[in-house]
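# Working through the structure, step by step
The lines below spell out each chain.
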Amino acid sequence: MWCLELLLPLLLFISDASCQWNVWLPRDISAMTNSCVVIPCTFMYPSGIRPSRGIHGIWYFGQPYPQLFPPVVFKSRTDVVHESYKGRTKLLGDLHQRNCTLLINNIGTEHSGRYYFRADLGGANIYTYPDFTELKVLDQPNIDVPEEIVSDESLELTCYAPDNCPDMTPEIQWMYTDYLPDPEFSTDLVEESNTAVLSNTLTFTPRPMHNGQLLGCRVYYPNTTLAYERLISLDVKYAPRSVWVNASSEVMEGSSVTLHCEVDSNPPARIAWMFGDQELLWDTASNVSLMLDDVTPANEGIYTCVGDNGYGIMNTSLYLAVKYPPHEPVVNDSITVVEGTTLALHCSTQGSPAPTLTWLKDGQLVGTITADELSVLTIVEITPQGDGQYRCLAENEHGRASSSLNITVEYAPVLLEESKCTVVREGVQCVCMATGNPEPTIEFYLPDLNITINETDGRYNFYTHTDGHTSTGMIKLREKGEWVDNGSPAVNVHCSISNAYGRESILLELQQEKKYMMAVIVGTIGGVAVIAFIIAAVRYVGHNNKKENGNPRQDVVLENPALYYIAVKKDKQNLRKKVGEDGDYQSVGTMAGLERQELNYASLEFIGARSREGASGRRDDGSNYTEIKAK
């Protein structure tokens, strides 16, 4: 039979005289491990070629190109083959008859892959055919199992074993079939493209009790030790067969109760506890428990457990006298909107008696209070002030429940009035503040220098900070080129604020310039006032000293009216204060104490002073002095 099957395509190829390089071999072929496999092959070459030194052939594994050095499976010129194929391969066909059929013995899983044939007719007439055979080496038989096995419906399971080894014919047996109701077996041999597959089909009608049972297929070769097995577990689908729940009962208000439900089905059913038309709880499992805590009379009614797994449905009901406070309200999901959008926020709940629904924003009442199971809060053309958390509160005489959502309002950037440029000690400092969502990006632009300053620019001490939806940018202008010719600071600074919803550029004004000039004037006047005060204090203290010494009043006349201020110090080592009636002087103490007393010590020196009419007040060394002390 093998010879006839190989000869027919060979004759067809030979009859086509116009044929070029061509090969025929099966696209897929399989074999069991440690057995053998025959790869049928016929080839053609152009009729104008006359092999000068005979026809030779090479079988490659994995790659068709010799330059990639693929493993050599068989070579007709020599016995040099890859190590994994030594003593395993044999050419069954006659190359001169254009038959390249290959036999591989004692194959293993490592031999799975693609096989290519290369014809060598001498000289330049060497050609590797791009077509290949994909060999699959199996270590267990294949079992064809339907995607779905349903109870009480006829089932066919087929076990396959390749039959591509001429010297070995497999046999198939089913295992663990004793518990099956009236099993039937049938054997078949399928031959296609010169490859053969042996099959054995098991037919029976499964029941729910067969779910999880094991079945096995065994393939063996008579008169050898080669045997292969595969086991499967039956997954029999069946509708719910029973639904068990508690008996009907009554419970007192404020007590707790647990309702149990068990469903027998495969796959596990979707178990749902129903209260009227309302589904209270569901889960996909074999059992589900509904726990009711602190029940109220509003919970009184019929509770139904429903089991549904797609193959059938079953339910059982019980009666329970209970009441309940409002359920947790169902509200919209949190949302992000653009300024000006109109929103409708929904809140729904159930309770008995009918609950009141109240909308709160950030803890404050918004909208109206509704005595119904549904409340809709409409926000027309929302503004940035509408950003925040909205909570729906449901209340009745038995309790309360609430749910919250967040509304985020996005809007174009808005410049804040704190944005300005001010004169500082180092030069000019410009601050730009803006609010927006998303947070605005701030850039500065100096048109006189044609410079844009942003966070990627390390010059001008650029600083940026974001706090919530408010962004702050600051620069300091103190480098060369940032002052105009008249010595005043250049304040031609533009601030650019932008986000996804808008962009704005504003010229920052030097708002503190007048205040700065006023500070200079006030400072000058203040300095003159301080000097006047010191002169008055000196005259007053001098007058008192004269009184204490019993001398008549004498005025000190300065030859030079200029008063030279030497130093004003706060030095705890040099300061003294007068204590007691005797006028003794002691150290003031710590600096902290000094600061609390606001004691200032001044040492004044008068140059070229003289007294009127020989007044005294001169020290032995001839120097004039006056001390001002604070008591």
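On a predicted model such as this, the values are computed, not experimentally measured, just so you know.

## Overview of the overall build of the protein
Looking only at helices and strands, one finds 3 helices and 50 strands in the protein. Looking at the protein alone, contacts between residues at least 24 apart form 62% of all its contacts between residues at least 6 apart. With the model as given, the accessible surface of the protein reaches about 36100 Å², and the carbon-plus-sulfur share is 49%.

## Focus: the state of the cysteines
Two cysteines form a disulfide when their sulfur atoms are joined by a covalent bond. Under the criterion given, the structure shown has 7 disulfides. Each sulfur in the disulfide pair Cys-159 and Cys-217 lies 1.7 Å from the other. Taking the torsion about the sulfur-sulfur bond, which here is approximately -80 degrees, the covalent link between Cys-159 and Cys-217 counts as left-handed. Highlighted residues: Cys-159 in strand β14 (residues 155-162) and Cys-217 in strand β18 (residues 214-220), separated in sequence by 58 residues. Here Cys-159 and Cys-217 have matching classes, each one buried.

## Considerations on the sheet that holds strand β21 (residues 249-250)
Read from one edge to the other, the open sheet built from 5 strands follows the order β21-β27-β26-β23-β24, with strand pairing classed as mixed. A strand with exactly one partner marks an edge of an open sheet, and here the two such strands are β21 and β24 (278-284). Across 2 bridges, β21 lies against strand β27 (residues 313-321) in parallel orientation. Opposite Glu-250, over in β27, you have Ala-321 as the bridge partner.

## Here's the deal with the environment of Tyr-129
Inspection of the secondary structure assignment puts Tyr-129 in the loop between β10 (126-128) and β11 (133-138). A C-alpha to C-alpha distance of 6.9 Å links Tyr-129 and Asn-22, two positions 107 residues apart in sequence. Setting aside residues no more than four positions away along its own chain, Tyr-129 makes contact with Trp-21, Asn-22, Val-23, Phe-43, Met-44, Tyr-116, Phe-117 and Ala-119.

## Some thoughts on unusual backbone geometry
Of note, the amide linkage connecting Asn-266 to Pro-267 takes the cis form, showing an omega dihedral of 0 degrees. Relative to the helices and strands, Pro-267 resides in the loop between β22 (257-266) and β23 (270-275). Backbone geometry at Phe-69 places phi at a positive 55 degrees, although glycine is not the residue there. The residue Phe-69 is located in the loop between β5 (56-61) and β6 (72-75) in this model. Under the relative-accessibility criterion, Phe-69 is labelled exposed at 73%. A positive phi is found at Asp-152, a non-glycine position, where the angle reads about 70 degrees. Along the chain, Asp-152 falls in the loop between β13 (149-150) and β14. Residue classification places Asp-152 among the exposed residues on the basis of a relative accessible area of 52%.

## Looking at the confidence of the model for the protein
In the predicted model, the protein carries a mean pLDDT of 79, and 76% of its residues have values of at least 70. Ignoring residues within four places in sequence, the model shows residues 1-18, a span with pLDDT below 50, making 24 contacts including any to other chains. Low pLDDT, under 50, characterises residues 550-626; the predicted model gives this stretch 95 contacts beyond four residues in sequence or across chains.

## A look at the side chain of His-210
The topology assignment puts His-210 in the loop between β17 (195-204) and β18. Here Arg-207 takes part through its backbone nitrogen, which lies 2.9 Å from a polar atom of the side chain of His-210. In contact with His-210, other than residues within four places in its own chain, are Tyr-179, Pro-181, Thr-205, Leu-234 and Val-236.

## Let's talk about the pattern of salt bridges
Within this structure, the stated rule accounts for 10 salt bridges. With a closest N to O distance of 3.3 Å, Arg-114 and Glu-134 form a salt bridge. One end of the pair, Arg-114, is in strand β9 (residues 113-120); the other, Glu-134, is in strand β11, and 20 residues separate them in sequence.

## Considerations on the sheet that holds β14
If you trace the 4 strands from one edge of the open sheet to the other, you get β12-β14-β17-β16, paired in antiparallel fashion. Where the open sheet ends on each side, the last strands, each with one partner, are β12 (142-144) and β16 (184-192). When strand polarity is set aside, the average angle formed by the axes of neighbouring strands in this sheet is 25 degrees. Pairing of β14 with β17 involves 8 bridges; the strand directions are antiparallel. Each bridged residue has a counterpart across the sheet, and for Leu-157 the counterpart in β17 is Leu-202.

## What to know about a nonpolar patch on the surface
On the surface, a cluster of nonpolar side chains totalling about 300 Å² of accessible area is made up of Tyr-176, Leu-214 and Leu-231. Mapped onto the secondary structure, Tyr-176 falls in the loop between β15 (171-175) and β16. Classification of Tyr-176 as partly exposed rests on a relative accessible area of 48%.

## A word on the nonpolar core
Core analysis: the biggest nonpolar cluster contains 30 residues, and Phe-43, Trp-59, Tyr-115 and Phe-117 have the highest contact counts within it. Looking at this core, the elements with two or more residues in it are β2 (28-32), β3 (37-39), β5, β6, β8 (102-104), β9 and β11. By residue number, the principal contributor to this core is β9, which donates 3 residues. The contacts of Phe-117, once residues within four sequence positions are left out, are Cys-41, Phe-43, Gly-57, Ile-58, Trp-59, Leu-95, Cys-100, Tyr-127, Thr-128 and Tyr-129. Ranked by size, the runner-up nonpolar core spans 28 residues in total, among them Cys-36, Ile-149, Leu-202 and Phe-204.

## Examining the pairing of strand β19 (residues 227-233)
Inspection of the sheet shows β18 paired to β19 by 7 bridges, in the antiparallel sense. Counted as the bridge partner of Gly-216 is Leu-231 from β19. Connecting β18 to the next strand, β19, in antiparallel fashion are 6 residues, including Asn-223 with a positive phi near 65 degrees.

Reading the values: rules and limits
Residues numbered from 1 in each chain as written. Predicted model: local features only at pLDDT ≥ 70, side-chain atom pairs only at ≥ 80, totals over all residues. Heavy atoms only, no water. Helix = DSSP H or I, 4+ residues; strand = E, 2+ residues; numbered from the N terminus. Contact = heavy atoms within 4.5 Å. Areas by Shrake-Rupley, 256 points an atom, 1.4 Å probe, with all protein chains shown as cover. Disulfide = S-S within 2.5 Å. Buried < 20%, exposed > 50% of the residue type's maximum accessible area, 1.4 Å probe, protein only. Pairing = 2+ DSSP bridges. pLDDT = per-residue confidence, 0-100. Polar contact = N/O pair within 3.5 Å; in protein donor to acceptor, adjacent residues only side chain to side chain. Salt bridge = Lys/Arg side-chain N within 4 Å of Asp/Glu carboxyl O. Axes fitted to C-alpha atoms, helices over the stretch in contact; angles between N-to-C directions. Patch = residues over 30% accessible without salt bridge, like charges linked within 9 Å, V, L, I, M, F, W, Y side chains within 5 Å. Core = buried A, V, L, I, M, F, W, Y, C linked by side-chain atoms within 4.5 Å.

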